[in-house]
Amino acid sequence: MQPTKHNKPTHRRFLVVFAALLLVSCTLIWGIAHDTRQFDLLKEAHVPLRLALSGMVLLAALAATVLFLKRSFTHPVHDLVEYVRQQRNGNDAAPPKSLRERNDDIGLLTNEIQGLLDTLRKQNERLLEQTLNDPLTGLGNRRLLEQRLEIALPLSRRRMAPLSALMVDVDHFKDYNDHYGHPAGDECLVEIANVLRDTFRRETDIVVRLGGEEFLVVLLDVGLDEAMRLAEAMRSMLQAVGIPHEKSSAAPVVTVSIGVATALPGTPIDVESLIACADSALYQCKAKGRNCSVSSIVDKHMLESMQLSTT
Ligand SMILES: Nc1nc2c(ncn2[C@@H]2O[C@H](COP(=O)(O)OP(=O)(O)OP(=O)(O)O)[C@@H](O)[C@H]2O)c(=O)[nH]1
């Protein structure tokens, strides 16, 4: 944005010229009206000439006024409108210095608008964070998962890269809640989220809480073996934390079951199918007695048979 220059000396110059011209024209008009003899220069002049002269001075005063108003108010207001328009278009640059540093109402308005926009921006960021994050654990939520997979899945497919999803579910969590209380259950979920964060640290890893005591991890560019190794590492790390769980038949501490689904390179998988495949592997873990990981491979044939069974 190209700001026009509106500085104080310019204002003052305009004001002085304007006041001088106004004074001269008023004096001339007053002189004509009272036919005063004090103006030697105009004494002999005819009334029409005096009228024309004062008219010209008055016009000049008006022109100076218009110019002054344009330079002092119209242009800055235009700059201000342009600034607001650019903000609306996503440009978050600060307003021009010439506006911010004005000591008048336009400067005040500029700074107020800037403050308001900053506040709105911060509130928007907070709201966006709330809509994409799980408030209890601070992990992403299902919306974040969908948002990220919308880009990651087609990209992964085009690059012919594998992709793995881990469905992590806490074992006998109802019993944990019933025995230790809901607040302790919340703390337990936070602890599990921390272990997930510590295990899946790559920038491309997507770790979310799907709801309740279910978490989903999506690992891009990760094949079955690596996914299973990481699933086991996570399980061991949680057991090492050792959150007591007296009511679990799987272990004396809190444990998880992990269903791992790996999509082979080029598999046209979507979010729903990925979750369904990891979920069915998780179901097998539970059937096996919990506190374990089960893997499954997702390819075109498996997806087709899944679609057939749902139609
Ligand atoms: N503390 C707490 N509990 C939750 C939250 N969300 C869901 N739960 C509880 O998680 C429990 C899940 O129970 P189930 O689905 O029966 O699963 P489970 O007891 O872990 O049994 P398995 O998964 O078969 O081992 C329920 O008691 C829910 O009330 C939460 O945010 N905080």
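Just above sits the structure.
Treat the numbers as computed from the prediction; the structure is a model and nothing was measured.

### Some words on the nonpolar core
In a soluble, globular protein the nonpolar side chains are often hidden away together inside.
Then comes step 1: Judged by nonpolar contacts, the single largest core of 28 residues is most densely connected at Leu-166, Ile-192, Leu-196, Phe-200, Phe-215 and Met-234.
Then comes step 2: Going through the elements one at a time, strand S1 (163–170), helix H7 (173–180), helix H8 (182–199), strand S3 (214–220), helix H9 (224–241) and strand S4 (256–263) are the ones with two or more residues in this core.
Then comes step 3: Excluding residues within four positions of it along the chain, Leu-196 makes contact with Leu-139, Val-168, Val-207, Phe-215, Val-217 and Met-234.
Then comes step 4: In terms of nonpolar packing, the next biggest core, distinct from the first, is built from 25 residues, Leu-149, Ala-261, Cys-277 and Leu-303 among them.

### Some thoughts on the sheet that holds S1
Then comes step 1: An order of S2-S3-S1-S4-S5 is seen for the 5 strands of this open sheet, with the pairing classed as mixed. For this open sheet the edge positions go to strand S2 (206–211) and strand S5 (293–298), each flanked by a neighbour on one side alone. Taken pair by pair, the neighbouring strands of this sheet meet at an average axis angle of 20°, ignoring direction.
Then comes step 2: As paired strands, S1 and S3 are joined by 7 bridges and run antiparallel to one another.

### A closer look at the pairing of S4
Then comes step 1: Across the 8 residues of S4, 8 count as buried, placing the element largely inside the fold.
Then comes step 2: The two faces of S4 match: Val-256, Ile-258, Val-260 and Thr-262 on one face and Ser-257, Gly-259, Ala-261 and Ala-263 on the other face are all buried.
Then comes step 3: Looking at chain direction, S1 and S4 are connected through 8 bridges and run antiparallel. Residue pairing in the sheet places Val-170 in a bridge with Val-256 of S4.
Then comes step 4: Of the pairings in the sheet, the one linking S4 to S5 comprises 6 bridges and is parallel in character.

### Some words on the packing of helix H6 (residues 142–158) against helix H10 (residues 271–287)
Then comes step 1: Running from N to C, H6 and H10 cross one another at 110°; their axes reach a closest spacing of 10 Å. Taken together, the axis directions place H6 and H10 in an arrangement best described as roughly perpendicular. Together, Arg-142, Leu-145, Glu-146, Leu-149 and Leu-153 of H6 and Val-271, Glu-272, Leu-274 and Ile-275 of H10 make up the contact between the two elements.
Then comes step 2: For the contact of H6 with H10, a count of residues per class yields 6 nonpolar, no polar and 3 charged.

### Points about the packing of H8 against H9
Two quantities define a packed helix pair, namely the angle between the helix axes and the distance between the axes.
Then comes step 1: In contact at an axis separation of 10 Å, H8 and H9 are set at 135° when each is read in the N-to-C sense. It follows that H8 is oblique to H9 by the angle criterion. Between H8 and H9 lies a crossing of right-handed hand. Contacts from Glu-191, Ile-192, Val-195, Leu-196, Asp-198 and Thr-199 of H8 reach H9 at Leu-230, Met-234, Met-237, Leu-238 and Val-241.
Then comes step 2: Taken together, the residues of the contact of H8 with H9 break down into 8 nonpolar, 1 polar and 2 charged.

### Considerations on unusual backbone geometry
Generally, phi is negative for residues other than glycine and the peptide bonds are trans, each holding for most cases.
Then comes step 1: The residue Arg-290 is not glycine, and still its phi comes out positive at about 75°.
Then comes step 2: Topologically, Arg-290 is positioned in the loop between H10 and S5.
Then comes step 3: Under the relative-accessibility criterion, Arg-290 is labelled partly exposed at 29%.

### Examining the packing of aromatic side chains
Then comes step 1: Taken as a whole, this structure holds 3 aromatic pairs when the rule is applied.
Then comes step 2: Residues Phe-68 and Phe-73 carry aromatic rings whose centres are separated by 6.3 Å and whose planes lie at 90° to one another, so their mutual orientation is edge-to-face.
Then comes step 3: Residue classification places Phe-68 among the buried positions, given a relative accessible area of 12%.
Then comes step 4: Taken together, a centroid distance of 6.0 Å and an interplanar angle of 10° make the contact between Phe-173 and Tyr-176 stacked. Of this pair, Phe-173 and Tyr-176 both sit in helix H7, 3 residues apart, roughly one helical turn. Taken as a pair, Phe-173 and Tyr-176 share a single burial class, namely buried.

### Section: the site of the ligand
Then comes step 1: Taken together, 16 residues sit near the ligand, with His-172, Phe-173, Asn-177, Asp-186 and Arg-209 positioned nearest.
Then comes step 2: Asp-169 places a side-chain nitrogen or oxygen 3.0 Å from an oxygen atom of the ligand.
Then comes step 3: In the complex, 67% of the free accessible area of the ligand, which totals 670 Å², lies under the protein chains.
Then comes step 4: When residues in the shell around the ligand are grouped by element, the largest group, 4 residues, is from H8.
Then comes step 5: For the shell around the ligand, the residue count by class is 3 nonpolar, 5 polar and 8 charged.

Definitions and limits used
- Residues numbered from 1 in each chain as written.
- Predicted model: local features only at pLDDT ≥ 70, side-chain atom pairs only at ≥ 80, totals over all residues.
- Heavy atoms only, no water.
- Core = buried A, V, L, I, M, F, W, Y, C linked by side-chain atoms within 4.5 Å.
- Buried < 20%, exposed > 50% of the residue type's maximum accessible area, 1.4 Å probe, protein only.
- Helix = DSSP H or I, 4+ residues; strand = E, 2+ residues; numbered from the N terminus.
- Contact = heavy atoms within 4.5 Å.
- Pairing = 2+ DSSP bridges.
- Axes fitted to C-alpha atoms, helices over the stretch in contact; angles between N-to-C directions.
- Parallel < 35°, antiparallel > 145°, perpendicular 65-115°, else oblique.
- Nonpolar A, V, L, I, M, F, W, Y, C, P; charged D, E, K, R; others polar.
- Left-handed = near helix turned anticlockwise from the far one by under 90°.
- Phe/Tyr/Trp six-rings, centres within 6.5 Å; stacked < 30°, edge-to-face > 60°.
- Near = heavy atom within 4 Å.
- Polar contact = N/O pair within 3.5 Å; in protein donor to acceptor, adjacent residues only side chain to side chain.
- Areas by Shrake-Rupley, 256 points an atom, 1.4 Å probe, with all protein chains shown as cover.

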